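Coordinates in review
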Amino acid sequence: MRRTCIALLLALTVPATDAADECASYGPMAYLDAPFDGTDVASNVRFRVLVAPSCGGLEGAPAHEFRLLDAAGSEAPTDVVPWGPHHIEVVPRTALATGEHELQVRRPISTDALGDWQKLVRVRATPERDDRVPSFDGLRSGAARAVRGSVPISPCEVVPGWELETRLVFDAADDAPRDHDELLYRLERRRPGAAGWEHDRTFRAAAGRRASFSWKDTTGWGETWEYRLSVRDLAGHETTGAATATVTAPPRPTEPVE
């Protein structure tokens, strides 16, 4: 269940234009990404929050506010650090004291006001620090193919059509003894020969040596992209895999989908 909920939240990191067209309001909404409620965390943990456009979010509203309280209700000084297009990290300025801590949020309730404080997560800080950087080699391979699927023709209607499925294969990162579920992978891409990378999406991967990630799209036929992966833990350590994968998509099939 936890992984299913996470997958749904991470899907928000790629806002859907069609979905936005159907929403009365499509503004940013804050959801906890990690750590998970009731778990033990390192004293130098960062609280990762997804803030992404979502149906029901208020456009033009004030930004969310966050605070971190200890078991006695005292607030710990924190900084809010952006990471990627849609994630932020609430970072305690000093190591957390051993014991329970609760991250709270105030969400917008109108275009000029925030609501009451609400719990996002409660964790138990341990005396140990996490100073280990995740070990990650990068991508082993990538491929793209045409698959039969559904193509939108309006915000409310889809028809059978060809979709482009891209799949990347890699060995999962090693961050033992921390839970692999705490790791977030960031996928970037660039045109062959380009100097800079552009953010594409974030996702989680199953633990174990061989892992893969795939997605479908209705655009990008015949295009060539070079992909690379980074992995980030809850202490803010990030490793970019040295091995990249270049993938050329096939042209869109001309035959109709049956």
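The structure we're discussing is the one just above.
In what follows, the accompanying structure is described. Counting of residues starts from 1 at the beginning of each chain's written sequence and follows it residue by residue. Reporting of local features is limited, given that this is a predicted model, to residues whose pLDDT is at least 70; pairs of side-chain atoms are given and counted only at 80 or more, and all residues count toward the totals for whole chains, interfaces and linings. Values shown for side chains rest on all heavy atoms present in the structure; no hydrogens or waters enter the calculation.

What to know about the overall build of the protein chain
Helix numbers and strand numbers start at the N terminus; a helix is a DSSP run of H or I with at least 4 residues, a strand a run of E with at least 2. Scanning the protein chain for helices and strands turns up 2 helices and 19 strands. Throughout, radius of gyration means the C-alpha value; the globule benchmark is 2.2 Å times the number of residues raised to the power 0.38. Expected size for 258 residues packed as a compact globule is a radius of gyration near 18 Å; at 20 Å, the protein chain falls within 12% of this value. Viewed in the frame of its principal axes, the protein chain has a C-alpha envelope of about 65 × 45 × 35 Å. Type-normalised accessible area, obtained with a 1.4 Å probe on protein chains alone, sets the label of each residue: buried when under 20%, exposed when over 50%, and partly exposed for intermediate values. Going through the 258 residues of the protein chain one by one, you find that 43% of them count as buried. Taking contacts inside the protein chain between residues at least 6 apart in sequence as the whole, the part at least 24 apart equals 69%. Each charge class in the protein chain can be summarised by its mean position, and for the 30 positive and 39 negative side chains these summaries are 4 Å apart. In this analysis, two residues are considered to be in contact whenever any of their non-hydrogen atoms come within 4.5 Å of each other. Positive charges are assigned to Lys and Arg, negative charges to Asp and Glu, while His and the chain termini are left out of the count. Taken as the charge centre is NZ of Lys, CZ of Arg, CG of Asp or CD of Glu, depending on the residue.

Some remarks on the nonpolar core
Nonpolar side chains in soluble globular proteins tend to be buried together. What makes a nonpolar core is a set of buried Ala, Val, Leu, Ile, Met, Phe, Trp, Tyr and Cys residues whose side-chain atoms join them at distances within 4.5 Å. Residues Phe170, Tyr185, Phe203, Tyr227 and Leu229 are the most contacted members of the largest nonpolar core, which totals 26 residues. Looking at this core, the elements that each hand over two or more residues are strand S12 (139-154), strand S13 (157-171), strand S14 (184-190), strand S16 (210-217), strand S17 (224-232) and strand S19 (245-248).

A look at the sheet that holds strand S2 (residues 40-41)
When DSSP finds at least two bridges between two strands, those strands are taken to pair. With respect to topology, 5 strands assemble into an open sheet ordered S2-S11-S8-S4-S5, the strand pairing being mixed. This sheet does not close on itself; its edge strands, each paired only once, are S2 and strand S5 (75-76). Bridging between strand S8 (residues 99-106) and strand S11 (residues 118-125) involves 7 bridges; their strand directions are antiparallel. Residue Glu102 lies in a different strand from S11, and its bridge partner there is Arg122.

Brief notes about the environment of Asp40
For Asp40, the position within the fold is in strand S2. Any N or O atom pair separated by 3.5 Å or less is treated as a polar contact, with the protein-specific requirement of one donor-capable and one acceptor-capable atom, and with residues adjacent in sequence counted only for side-chain atom pairs. Among the polar contacts made by the side chain of Asp40, one reaches the side chain of Arg124 at a distance of 2.7 Å.

Quick notes on the side chain of Glu163
Structurally, Glu163 can be placed in strand S13. We define a salt bridge as a side-chain nitrogen of Lys or Arg found within 4 Å of a carboxyl oxygen belonging to Asp or Glu. No salt bridge is formed by the buried Glu163, whose closest oppositely charged neighbour, Lys216, lies at an N-O distance of 4.5 Å. Setting aside residues no more than four positions away along its own chain, Glu163 makes contact with Arg145, Ala146, Val147, Gly149, Ser150, Lys216, Asp217, Thr218 and Trp221.

Description of the sheet that holds strand S3 (residues 47-55)
Taken in spatial order, the 4 strands of this open sheet run S1-S3-S7-S6, and their pairing is antiparallel. Strands with a single pairing partner mark the edges of an open sheet, and in this sheet they are strand S1 (26-34) and strand S6 (78-83). Each strand axis lies, on average, 30° off the axis of its neighbour in the sheet, ignoring direction. Only the stretch in contact is used when fitting a helix axis, every axis being a line fitted to C-alpha atoms; angles between N-to-C directions are given from 0 to 180 degrees.

Points about unusual backbone geometry
Of note, the amide linkage connecting Ala34 to Pro35 takes the cis form, showing an omega dihedral of 5°. Mapped onto the elements of the fold, Pro35 is located in the loop between S1 and S2. Cis geometry marks the peptide bond from Ala176 to Pro177, where omega comes out at 10°. Relative to the elements of secondary structure, Pro177 occurs in the loop between S13 and S14.

As far as function goes, none of this settles anything; it's purely spatial.
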